[in-house]
Amino acid sequence: MLQPKFVALHCQEVGGKTYEGSVKHVEDFVRMLMASEELKSFDRMRVYLDEDYTNSERFTALGNFYFIHETIRTAQIWDFKTKAFLPCQGKEVHTGNIEEVSSKEKTKFPAEFFPEFKWSRKGYLRTRWNINGTIFDLVNIHLLHDASNLLAIESFPSVYSDYRHRALKHVLERLKNDDEDWDIVVPFYIFGDFNFRVDTHSVVKRLTAKTVPLHIQSNKNGEVSKIIYTEQANENRVILTVGKKEFNHHDQHDGLFYSNSGKWLKEYDKELNPFRDHLQEFPVEFAPSYPYSEDTNSATFYMKTRCPAWCDRILMSSGAKSLIAQNEHNVQYNVIGQDMCMGDHKPVYLSFWMHTDQEFGGSSSSEQGISLGGLLSGGEPTCGPHDSTTVTRYIHVRHPGSPVRIFRETTV
């Protein structure tokens, strides 16, 4: 059983596709989560929910949750405005319009990154932490999806892969160049929905080596709407069907992609390769995290909409990986809810012990349990032991034009 002392949970598409109607459900979820029995020993919390869908130029629908156990002696969070660490005390929830919240950095990707899309909510949300003397960044990221399988299978890298590459490169350059006041790039863990897809062009070639393609044209515009691959030598048996939002290997679909964790497909997982010199990852031994069936009775089956892929990842800088105390039992990198319906994405988690009381390049004097999910120098003052009498603040920043509501709770 995992028993972490610091939990980081990154969510994408907070509120789902119907934001306005889902805000109340998100609020209820956050309240239930913070009041849960499992988190009763976590006396400090920070939650950031970008929910202001009316601000189309800045809206990302990202959500970052951080839970700090009572045994953590020092927890500080970076203020990006004052450029100083502040003691992390009590419980704060920032929702709605969070643009002025200075303990986070949030950026929506420029529209020119995705020129063929009229509107996108993709971006990243970063926080910086000092946990027991060790400093690191946690970055929530959401990159562009594949809008059409028909376009994605034309070549590799696909146009969508290029879009993701450009956005991720932008984030890494931002992390590197923003730290002008630091002598070294702060170690970072970047995790979320990268939307990485396999080399679908090569996968289709492999699956259809002995088939003949039949191109079906749309009656509306004459464009190809579907490609059906059949084996003529086998009574025209349909092997694979590819449409804009269809990827169906028919009788062998789940057996091929889910069995043995889809290991044969791993050689086509190439989108991270250009960044291998900058980003580290622990071995991926779980099945593709997307697109699972949303039927509660089909938890281990994939929807036949996209080629299964490892969209959800937990990556880190080399400096961040060096902070992890590594042994065969210490690091766990896997999915949550393997046999349960979790939606179309299986949340991915990384659990490890982190060296604490560590300066950059220094040695550690202790270790701390960390869990990341979705689920990655300077003389700042340290905060003292967390007081047993704590003022807990639930801060709800409402939509534009609405007041800020502050709820206080005192723990004795």
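Everything discussed here concerns the structure shown above.
Calculation notes
Position labels on residues start from 1 in each chain and follow its written sequence. Whole-chain, interface and lining totals are the exception, using all residues; otherwise, since this is a predicted model, local features are given only for residues with pLDDT of at least 70 and side-chain atom pairs are given and counted only at 80 or more. Side-chain measures were taken over the full set of non-hydrogen atoms in the model, leaving aside hydrogen atoms and water. Helix and strand definitions follow DSSP, with helices as H or I runs of at least four residues and strands as E runs of at least two, each counted in order from the N terminus. Note on exposure labels: buried denotes an accessible area under 20% of the residue type's maximum, exposed denotes more than 50%, and partly exposed covers the range between, all computed with a 1.4 Å probe on protein chains only. Computed by Shrake-Rupley with a 1.4 Å probe, the accessible areas treat only the displayed protein chains as cover when residues are assessed. Stacked, edge-to-face and tilted labels apply to pairs of Phe, Tyr and Trp rings (six-membered ring for Trp) whose centres lie within 6.5 Å, assigned for plane angles under 30 degrees, over 60, and everything in between, in that order. When the NZ atom of lysine or the CZ atom of arginine is within 6 Å of a ring's centre and also within 35 degrees of its normal, the charge is said to sit over that ring. Each pair of strands is called paired provided DSSP finds at least two bridges between the two strands. Note on terminology: a nonpolar core comprises buried Ala, Val, Leu, Ile, Met, Phe, Trp, Tyr and Cys residues joined through side-chain atoms within 4.5 Å. Polar contact is defined as a pair of N or O atoms within 3.5 Å, subject to the rule that within protein one atom must be able to donate a hydrogen and the other to accept it, and that residues adjacent in sequence are counted only when both atoms are side-chain atoms. A cavity, in this analysis, means grid points on a 1 Å lattice covering only the protein atoms where a 1.4 Å probe fits yet has no way out; a pocket is instead an open set bounded by protein on both sides within 12 Å along at least five of seven lines, and a residue lines either one if it has an atom within 4 Å of a point. Grid points are joined across faces, edges and corners, and a volume is the space filled by probe spheres set on the points. Residue polarity follows a fixed list, in which Ala, Val, Leu, Ile, Met, Phe, Trp, Tyr, Cys and Pro are nonpolar, Asp, Glu, Lys and Arg are charged, and the others, Gly among them, are polar. Between Lys or Arg on one side and Asp or Glu on the other, a salt bridge is scored when a side-chain nitrogen of the former is within 4 Å of a carboxyl oxygen of the latter. We call two residues contacting when some pair of their heavy atoms lies within 4.5 Å. To obtain each axis, a line is fitted to C-alpha atoms, and for helices this fit is confined to the stretch in contact; angles are then taken between N-to-C directions over 0 to 180 degrees.

**A few points about the overall build of the chain**
Helices and strands together make up the secondary structure of the chain, namely six helices and 21 strands. Taken across its 412 residues, the chain has 54% of its residues classed as buried. When the accessible surface of the chain is split by element, carbon and sulfur atoms take 49% of a total near 19,400 Å².

**Quick notes on unusual backbone geometry**
In this model, Phe156 is joined to Pro157 through a cis peptide bond whose omega is 0°. Examined against the element boundaries, Pro157 turns out to sit in the loop between α2 (149–152) and α3 (159–177). Note the cis peptide between Tyr290 and Pro291, where omega equals 0°. Looking at the secondary structure, you find Pro291 in the loop between α5 (253–257) and β15 (312–316). Positioned with a positive phi, Asn195 is a non-glycine residue whose angle comes to about 60°.

**Quick word on the packing of aromatic side chains**
Scanning the entire structure with this criterion turns up 22 aromatic pairs. Geometrically, the ring pair formed by Phe113 and Phe114 is edge-to-face, given 6.4 Å between the ring centres and 85° between the ring planes. According to the relative accessible area criterion, Phe114 is buried, its value standing at 3%. Ring centres of Phe286 and Tyr333 lie 5.3 Å apart, and the angle between their planes is 90°; this geometry places the pair in the edge-to-face category. Within this pair, whereas Phe286 is found in the loop between α5 and β15, its partner Tyr333 is found in strand β17 (residues 332–335), the two being separated by 47 residues in sequence. On the basis of relative accessibility, which here comes to 10%, the residue Tyr333 falls in the buried class. Cluster of aromatic residues (ring-pair linked, three or more members): Phe6, Tyr66, Trp129, Phe136, Tyr189 and Phe352. Between Arg128 and the ring centre of Trp78, over which it is positioned, the NZ or CZ distance is 5.5 Å. Across the ring face of Tyr292, the terminal group of Lys346 is positioned such that the distance to the ring centre comes to 4.8 Å.

**Some details on the pairing of strand β13 (residues 237–243)**
Within β13, five of the seven residues are buried, leaving the element largely enclosed by the surrounding structure. Where strand β12 (residues 224–231) hands over to β13, the hairpin turn is made up of five residues, of which Glu235 adopts a positive phi near 55°. As defined by bridge partners, β13 adjoins strand β14 (residues 246–248) across three bridges and the pair is classed as antiparallel. From the neighbouring strand, Thr241 faces β14, where its bridge partner is Asn248. Between β13 and β14, which pair antiparallel in sequence order, lie two residues.

**Looking at the nonpolar core**
Within the largest apolar cluster, 57 residues are counted, with the highest numbers of intra-cluster contacts made by Trp129, Leu138 and Tyr189. Per-element accounting of this core gives the leading share, four residues, to strand β18 (residues 348–356).

**Digging into the side chain of Gln76**
Summarising the element assignment, Gln76 is placed in strand β4 (residues 75–79). Among the polar contacts listed, one links the side chain of Gln76 to the side chain of Asn130, at a separation of 2.7 Å.

**Considerations on empty space enclosed by the protein**
Approximately 60 Å³ is the volume attributed to the largest cavity. The wall of the largest cavity is formed by Asp146, Asn149, Ala152, Arg197, Thr200, Phe247, Arg306 and Cys307. A class-by-class count of the residues in the lining of the largest cavity yields three nonpolar, two polar and three charged.

**Some thoughts on the pattern of salt bridges**
Pairing between side chains becomes possible if they bear opposite charge and their charged atoms approach one another. Scanning the model with the defined rule gives 21 salt bridges in all. Of the charged contacts in the structure, one is a salt bridge between Asp146 and Arg164, with a shortest N-O distance of 2.9 Å. Of the two residues, Asp146 sits in the loop between β9 (134–142) and α2 while Arg164 sits in helix α3, which places them 18 residues apart along the sequence. Of the residues examined, Asp146 reaches a relative accessible area of 4% and is grouped as buried.

**Some details on the environment of Arg46**
Counting through the fold element by element, Arg46 comes out in strand β2 (residues 42–49). In this structure, the C-alpha to C-alpha distance between Arg46 and Glu92, residues 46 residues apart in sequence, is 5.1 Å. In contact with Arg46, not counting residues within four places along its chain, are Asn64, Phe65, Tyr66, Ile77, Pro87, Cys88, Gln89, Gly90, Lys91, Glu92 and Trp129. Within the structure, the side chain of Arg46 is placed 3.1 Å from the backbone oxygen of Gln89, a separation counted as a polar contact.

**Describing the sheet that holds β14**
As summarised here, the arrangement of the four strands in space is β11-β12-β13-β14, forming an open sheet in which the pairing is antiparallel. The sheet terminates laterally at β11 (212–217) and β14, the two strands that pair on one side only. Each strand of the sheet is rotated relative to its neighbour by a mean of 25°, with strand direction disregarded.

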